[in-house]
Amino acid sequence: MVNITGLQLKNPTMLAAGIMGTTGASLIRMAREGAGAVVTKSIGPQPKEGHSNPSMVKLDCGYLNAMGLPNPSYEAFLPELEKAKDKAGVPVIASIFGGNMEEFRMVAEGLTPGKPDAFELNVSCPHAMGYGASVGTDPEMVKAVTSAVCEVADIPVWVKLTPNVTDIVAIGKAAQAGGADAVVAINTVRGMSIDIHSGYPVLGNRFGGLSGEAVRPVAVKCVYDLYANLDIPIIGVGGISTWQHAVEMIMAGASAVQIGSMVYEGLNVFSDISEGIHRFLEERGHKKTKDITGIAHERF
Amino acid sequence: MLPLNANIVRTVDETPSTRTFFFDRSFEDALTGQFVMVWIRGVDEIPMTLSYKNAITVQRVGDATSRLFEIQEGGSVGLRGPFGRGFTLPKRGESVLLIAGGVGAAPLAPLAEKASSVCSQVTTILGARNVDELLFLERFLQCGPVHITTDDGSAHRCGFVTDVLDELDVSGYDRIYTCGPEMMMKNVFGILEREGALQRTEFSLHRYFKCGIGVCGACCMDDTGLRVCKDGPVFNGTELVGSEFGKYARDPSGQKKLF
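Criteria and thresholds
- Residues numbered from 1 in each chain as written.
- Chains lettered and ligands numbered in written order.
- Predicted model: local features only at pLDDT ≥ 70, side-chain atom pairs only at ≥ 80, totals over all residues.
- Heavy atoms only, no water.
- Helix = DSSP H or I, 4+ residues; strand = E, 2+ residues; numbered from the N terminus.
- Rg over C-alpha atoms; globule rule 2.2 N^0.38 Å.
- Buried < 20%, exposed > 50% of the residue type's maximum accessible area, 1.4 Å probe, protein only.
- Contact = heavy atoms within 4.5 Å.
- Areas by Shrake-Rupley, 256 points an atom, 1.4 Å probe, with all protein chains shown as cover.
- Axes fitted to C-alpha atoms, helices over the stretch in contact; angles between N-to-C directions.
- Parallel < 35°, antiparallel > 145°, perpendicular 65-115°, else oblique.
- Left-handed = near helix turned anticlockwise from the far one by under 90°.
- Pairing = 2+ DSSP bridges.
- Right-handed = clockwise from strand over helix to strand, strands pointing away.
- Phe/Tyr/Trp six-rings, centres within 6.5 Å; stacked < 30°, edge-to-face > 60°.
- Lys NZ or Arg CZ within 6 Å of the ring centre and 35° of its normal.
- Salt bridge = Lys/Arg side-chain N within 4 Å of Asp/Glu carboxyl O.

1. Some points on the overall build of chain A
Of the regular secondary structure elements, chain A holds nine helices and 14 strands. For chain A, the C-alpha radius of gyration of 18 Å lies close to 19 Å, the compact-globule estimate for 300 residues. For chain A, the spread of C-alpha atoms along the three principal axes comes to 50 × 50 × 35 Å. By the burial criterion, 62% of the 300 residues in chain A qualify as buried. Long-range pairs, those at least 24 residues apart, make up 71% of the contacts in chain A with a sequence separation of at least 6. Total accessible area on chain A is roughly 11200 Å²; 50% of this is exposed by carbon and sulfur atoms.

2. Things to note about the packing of helix α1 (residues 24-32) of chain A against helix α2 (residues 74-87) of chain A
All names here are of chain A. Close contact between α1 and α2 brings their axes to 8 Å; oriented N to C, the two are set at 25 degrees. One way to sum up the angle between α1 and α2 is to call them roughly parallel. Every pair of crossing elements has a handedness; the one defined by α1 and α2 is right-handed. Of the residues in α2, those touching α1 at Gly-24, Ala-25, Leu-27, Ile-28 and Arg-32 are Phe-77, Glu-80, Lys-83, Ala-84 and Lys-87.

3. Quick word on the pairing of strand β7 (residues 92-96) of chain A
All names here are of chain A. The buried fraction of β7 amounts to five of the five residues, a majority that puts the element mostly inside the structure. Alternating positions in β7 separate into two faces, Val-92, Ala-94 and Ile-96 on one and Ile-93 and Ser-95 on the other, with burial throughout. Where strand β4 (residues 37-39) lies against β7, two bridges are found, and the strand directions are parallel. Across the sheet, residue Val-38 finds its bridge partner in β7, namely Val-92. Handedness of the crossover joining β7 and strand β8 (residues 118-122) through helix α3 (residues 101-111) is recorded here as right-handed.

4. So, the packing of aromatic side chains
Residues and elements named next belong to chain B. Considering all chains together, one arrives at 13 aromatic pairs over all chains under this definition. An angle of 50 degrees between the planes, with centres 5.2 Å apart, marks the rings of Phe-35 and Phe-209 as tilted. Within this pair, whereas Phe-35 is found in strand β3 (residues 35-40), its partner Phe-209 is found in the loop between β12 (201-204) and β13 (234-236), the two being separated by 174 residues in sequence. What makes Phe-209 buried here is its relative accessible area of 5%. The ring of Phe-22 has Arg-10 sitting right over it, with the charged end atom 4.3 Å from the ring centre. Above the ring of Tyr-52, the side-chain terminus of Arg-139 is found at 3.8 Å from the ring centroid.

5. A word on the pattern of salt bridges
Residues and elements named next belong to chain B. Per the counting criterion, the structure on display carries 26 salt bridges over all chains. The salt bridge partner of Glu-182 is Arg-207, with a shortest N-O separation of 2.7 Å. Here Arg-207 lies in the loop between β12 and β13 and Glu-182 lies in helix α5 (residues 182-194), a separation of 25 residues in the sequence. Linking Asp-251 and Lys-257 is a salt bridge whose minimum nitrogen-to-oxygen distance equals 3.9 Å. Classification of Asp-251 by relative accessible area gives buried; the value is 15%. Of the residues examined, Lys-257 reaches a relative accessible area of 43% and is grouped as partly exposed.

6. Description of the sheet that holds strand β11 (residues 189-192) of chain A
All names here are of chain A. Taking strand neighbours across the sheet as the criterion, the four strands line up as β5-β6-β12-β11 in an open arrangement whose pairing is antiparallel. Taken across any chain shown, the strands that pair with only one partner, and hence form the sheet edges, are β5 (56-58) and β11. The average undirected angle you get between the axes of adjacent strands in this sheet is 35 degrees. Summarising the sheet, strand β6 (residues 63-65) and strand β12 (residues 207-211) pair through three bridges and their orientation is antiparallel. Its bridge partner being in β12, Asn-65 is matched across the sheet by Gly-209.

Geometry only, nothing functional implied.
So this is what it looks like as structure tokens:
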């Protein structure tokens, strides 16, 4: 068991936000596939259709996406959350977004009747004007929205950080100062791809966020730096596709990991990775994930 | 994969509302019933099943398809795919029934051609709004007997494909395949469920796709969470029992829209 901000996870792998999280049924399916916890699609104050397609393409080095925060609004999502809570059998974390403190608070309060186990604040989506990273690149805003949600929530509040800043530690500290119980790092790295036949940017939004293989070293460094400077737990995410990647992220300082784009390769990724971590810990004589969290910091 | 450029080498107006776009690129390994994501640059990218190894047949229904219809021979689109699960091909000597409604004939015509080379019989029920909208009638006729229905009675029988299905002895068919408007398929489902034939029937479904590669979850069905883009678009009838099929679908925001 992994304890993270009071949530008991049967293993340290979670489904990342924005992946297979639009409906209660898909969240339940991911839990059955072995995820230790599931994070919903980011939910906002109003229904949003998102950007036009293509909204996600596979590259040689990872994935590029610009979904545009499509969501049915917190009101329409509430029954989906209730269904996931009823049947998933693992903690369900509601990812929420807004353009300001009032909107964040409104969405958090609106989803509270669905009894999520924690909130994850999306202040890091790199391609939605006025939302996500528009909030998450400003430490004052991050602190303000975090404390706004903490005031109305009696469940843990996690803040998902963007790597598209000069100093992610400053943003992490702002979240901590606002009352965050944990930070999640990282969201996607801004990126773009152009169709050389026509000159058109490939994504409907022109640019988007890079995930997968290419961003893993970026994520490891962010988690490493956050661990050195924060007092709250860090959940590591970015390019994890094997148990070895997960162990690396944990050694950098993560208490648990999230897995996103990798579901492209197969839904068994959660059970494969959690079993691999378990075997690794056992072979090394460790009892829990916590025993190796941040050990890279003790090596120099 | 990034979208591959495909030049449109020929277009054929099949009916007043549908047009086939032939590409200079052929998907030889594609399974019948699989789809490609068609990128109309600067507009949108939409899923389309292949109606030939090197072509899609499109009905003009919205912004993206209207813009696609503006692209002439010599123009180009981007293509990704083929994606998804296609039809299970019939075995040698089997007897198959195809039930096609409107533009739903697009994935079934190549299936009919593939089946006719191995099957003892390929029977088609082809329905459309009116005589002009009957799609790929000649292709189906080349493969076996065809029952035609039109909503307005402008050709053959006035009524729906289900009127014919009701009268056929479905126990005589080893495999049944259907594609068409969801309300039509829902009624087909009802008859085949009653006849105990769902196990040997495959349905080709349509939902709004975002990523198209099984990651985002926008096209997940209730209550199984099956992804239409990756686990489908072709489903065995038994996979749809008790599902949202025939009841509602989700729009791009994820809100439920009742049929």
